[in-house]
Amino acid sequence: MSKAINNISSTTVPLNQENVDTDQIIPARFLKATDREGFGDNLFRDWRYESNGAPKKDFVLNDPAYHGKILVAGKNFGCGSSREHAAWAIKDAGFDVVVSSFFADIFSNNALNNFLLPVTVSDEFLRKIFAQVEKDPATKIEVSLEHQTITLPSTGDQEKFDINNYKKTCLLNDYDDIDYLLSIRNDIEIFERSHS
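Residues numbered from 1 in each chain as written. Predicted model: local features only at pLDDT ≥ 70, side-chain atom pairs only at ≥ 80, totals over all residues. Heavy atoms only, no water.

### Side note on the overall build of the protein
Regarding its fold elements, the protein presents eight helices and seven strands. Taking 16 Å as the expected radius of gyration for a compact globule of 196 residues, we find that the protein reaches 18 Å, a close match to that expectation. Across its three principal directions, the C-alpha atoms of the protein cover 65 × 45 × 30 Å. The burial tally for the protein puts 43% of its 196 residues in the buried class. In the protein, 63% of the contacts between residues at least 6 apart in sequence involve partners at least 24 apart. Accessible surface, the protein: about 10600 Å² in total, of which carbon and sulfur atoms supply 47%. (Helix = DSSP H or I, 4+ residues; strand = E, 2+ residues; numbered from the N terminus. Rg over C-alpha atoms; globule rule 2.2 N^0.38 Å. Buried < 20%, exposed > 50% of the residue type's maximum accessible area, 1.4 Å probe, protein only. Contact = heavy atoms within 4.5 Å. Areas by Shrake-Rupley, 256 points an atom, 1.4 Å probe, with all protein chains shown as cover.)

The structure is reproduced here in structure tokens:
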């Protein structure tokens with residue numbers, strides 16, 4: 001199944017909280033597994049469930065009004081310790097995009113390596129998203145990786161976002177690092193011949 005990402009139009013899950021660290025995203029006690037499957041069940045585990053396993057009604061992931069492929073989070077998302085499992089958990093929970101006004105570098109890199117697109121927007125644009133989604137949970141966001149734009153169709157607001165060109169190519173084409181090298185094999189061979 002292709003993991004390629006390009007145009008995504010989806011409703012969102014709004015997590016309007018700043019400084020969400022990787023231990024809150026996926027608590028350390030769940031890091032023993034090495035298979036990427038099943039981590040989504042424990043995404044935000046301590047915020048999402050009571051100690052007896054009952055869902056906390058006031059947590060956004062347990063609110064049926066909010067769903068979709070886009071997680072919108074407060075500033076400084078993914079801070080704290082480096083753990084690739086945080087990206088695994090978000091992706092396994094069904095998200096393809098995370099939107100914030102600031103991401104920790106290590107989280108951003110882990111996300112991109114796992115076909116999870118971190119989209120950095122301005123603080124003002126982030127506030128507009130939260131306001132629109134609070135007003136109407138059915139609000140959709142459109143993300144175009146090819147054009148590097150994020151749009152709120154309900155208001156017409158749009159921003160450009162940055163992404164490393166190499167990672168953009170990988171996400172658009174479902175390439176891991178090896179696939180990418182194979183895709184430019186002819187260029188590598190030509191370079192080698194011209195410099196031998």
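### Concerning the environment of K168
Tracing the sequence through the fold places K168 in helix α6 (residues 165–173). Once residues within four sequence positions are removed from consideration, K168 is found in contact with L145, E146, Q148 and I163.

### Observations regarding the nonpolar core
In terms of nonpolar packing, the biggest core is built from 52 residues, with F44, F77, I90, V99, F107 and L117 touching the most fellow members. Discounting residues that sit within four places of it in the chain, F44 has contacts with L15, V20, Q24, I25, F59, L61, L71 and F77. (Core = buried A, V, L, I, M, F, W, Y, C linked by side-chain atoms within 4.5 Å.)

### A word on the packing of aromatic side chains
One pass over the full model with this rule turns up seven aromatic pairs. Note on F77 and F103: the rings are 6.3 Å apart at their centroids and 90° apart in plane angle, and the pair reads as edge-to-face. Highlighted residues: F77 in the loop between β2 (70–73) and α3 (85–92) and F103 in the loop between β3 (97–100) and α4 (105–113), separated in sequence by 26 residues. A residue is classified by how much of its surface remains accessible, and F103, at 5% relative accessible area, is buried. Every member of this aromatic cluster is reached through a ring pair, and the members are F44, W47 and F59. (Phe/Tyr/Trp six-rings, centres within 6.5 Å; stacked < 30°, edge-to-face > 60°.)

### What about the packing of α3 against α4?
The axes of two packed helices give the description: the angle between them and the distance between them. Where α3 meets α4, the closest approach of the two axes is 8 Å, and the angle between their N-to-C directions is 50°. Taken together, α3 and α4 sit at an angle that is classed as oblique. Read as a crossing pair, α3 and α4 show a hand that is right-handed. Contacts between α3 and α4 involve A86, A87 and I90 from the former and F107, N110 and A111 from the latter. Considering only residue class, the contact of α3 with α4 consists of five nonpolar, one polar and no charged. (Axes fitted to C-alpha atoms, helices over the stretch in contact; angles between N-to-C directions. Parallel < 35°, antiparallel > 145°, perpendicular 65-115°, else oblique. Left-handed = near helix turned anticlockwise from the far one by under 90°. Nonpolar A, V, L, I, M, F, W, Y, C, P; charged D, E, K, R; others polar.)

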